[in-house]
Amino acid sequence: MSSLSLRAALSATFPFILSACATPGMGYIEAAAGASPLGQGQARLVLLRPRDKDDGGGSPAAMRVNGDSVQGLSYGEFQFVDVAAGPVSIMASGPIVVLGACELQLELAAGETLYVDVGPRMSYMVAALLGSVAGAAAIPAPQAAGSAAEAMVGSVAAAAAGSAAGIGAAVSTEGRSLPCRGPYQLALVPESDARDRLQGLTMSN
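Residues numbered from 1 in each chain as written. Predicted model: local features only at pLDDT ≥ 70, side-chain atom pairs only at ≥ 80, totals over all residues. Heavy atoms only, no water.

> Even after reading the chapter, I still don't get unusual backbone geometry, so can you show me in this structure?
Across the chain, the bulk of peptide bonds are trans and the bulk of non-glycine residues have phi less than zero. The phi angle at Asn 66 is positive, at roughly 55 degrees, despite the residue not being glycine. For Asn 66, the location among the structural elements is in the loop between strand 3 (61-65) and strand 4 (68-73). According to the relative accessible area criterion, Asn 66 is partly exposed, its value standing at 38%. (Helix = DSSP H or I, 4+ residues; strand = E, 2+ residues; numbered from the N terminus. Buried < 20%, exposed > 50% of the residue type's maximum accessible area, 1.4 Å probe, protein only.)

> Explanation requested: the pattern of salt bridges in the structure shown.
Opposite charge on two side chains permits them to pair, given that their charged atoms come into close proximity. As enumerated under the stated definition, the model contains 3 salt bridges in all. Note that Asp 82 is salt-bridged to Arg 44, the shortest N-O span being 2.7 Å. Of this pair, Asp 82 sits in strand 5 (residues 77-84) while Arg 44 sits in strand 2 (residues 42-49), placing them 38 residues apart in sequence. Assigned by exposure class, Asp 82 and Arg 44 land together as buried. Between Arg 195 and Glu 191 there is a salt bridge, with the nearest N and O atoms lying 2.9 Å from each other. Remark: Glu 191 and Arg 195 occur in helix 5 (residues 191-198); sequence separation between them is 4 residues, near one turn of the helix. By relative accessible area, Arg 195 is classed as partly exposed at 36%. Exposure remark for Glu 191: the relative accessible area of 41% places this residue in the partly exposed category. (Salt bridge = Lys/Arg side-chain N within 4 Å of Asp/Glu carboxyl O.)

> Sorry, what's going on with the side chain of Ser 93 here?
One can find Ser 93 in strand 6 (residues 86-93). Taking the relative accessible area as the measure of exposure, Ser 93 reaches 0% and is therefore buried. The contact partners of Ser 93, leaving out residues within four places of it in the chain, are Ala 61, Ala 62, Arg 64, Gly 100, Ala 101, Pro 183 and Tyr 184. (Contact = heavy atoms within 4.5 Å.)

> I would appreciate a short explanation of the environment of Tyr 184 in the present structure.
Turning to its location among the elements, Tyr 184 is positioned in strand 9 (residues 184-189). Owing to a relative accessible area of 6%, Tyr 184 belongs among the buried residues under this scheme. Considering only alpha carbons, one finds Tyr 184 and Val 118, 66 residues apart in sequence, at a separation of 6.4 Å. Of note is the side chain of Tyr 184, whose polar atom sits 3.4 Å from the side chain of Arg 49. (Polar contact = N/O pair within 3.5 Å; in protein donor to acceptor, adjacent residues only side chain to side chain.)

See the structure below:
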């Protein structure tokens, strides 16, 4: 089997993250120029997480394409993912998937490139903030039997536990009836807009 045929067969089974001639940290124009050409029956996704959105720049967004994990996407990064043409499912979530994920379903034609923006869901961020405050306030600090230092450690631990519990409860409730849940939202963007947003971004590590 030729290398082209093998690559086409593999891409029909799971997403293929471009690596040939495109190295982590590279800018979009350079990476696109050095990217491998699409194989027969393939299409390309460009996933981007722009810098112009204040999502806190925290942990990488966990990304899945057609149910398979691909490279996580940090704040200010993009990545290429080649897939077999046809229906494609893209999913983004935080590190704790049970707190919700956002899914976008697309139809790609052979040879087509589509751009998908990964941005913050503001309602989730607000719910997490309010849940953190409410949860920490709801659990009283433990009574200290020892030194003032021990009492302080106990108070901080209790507040942290309450905060985590409050966040979990708040964000689970916030997205329960929504088709798109979790900390991220996905949006298909026109190529012209995507190229503007890709300026200054680097290829994911």
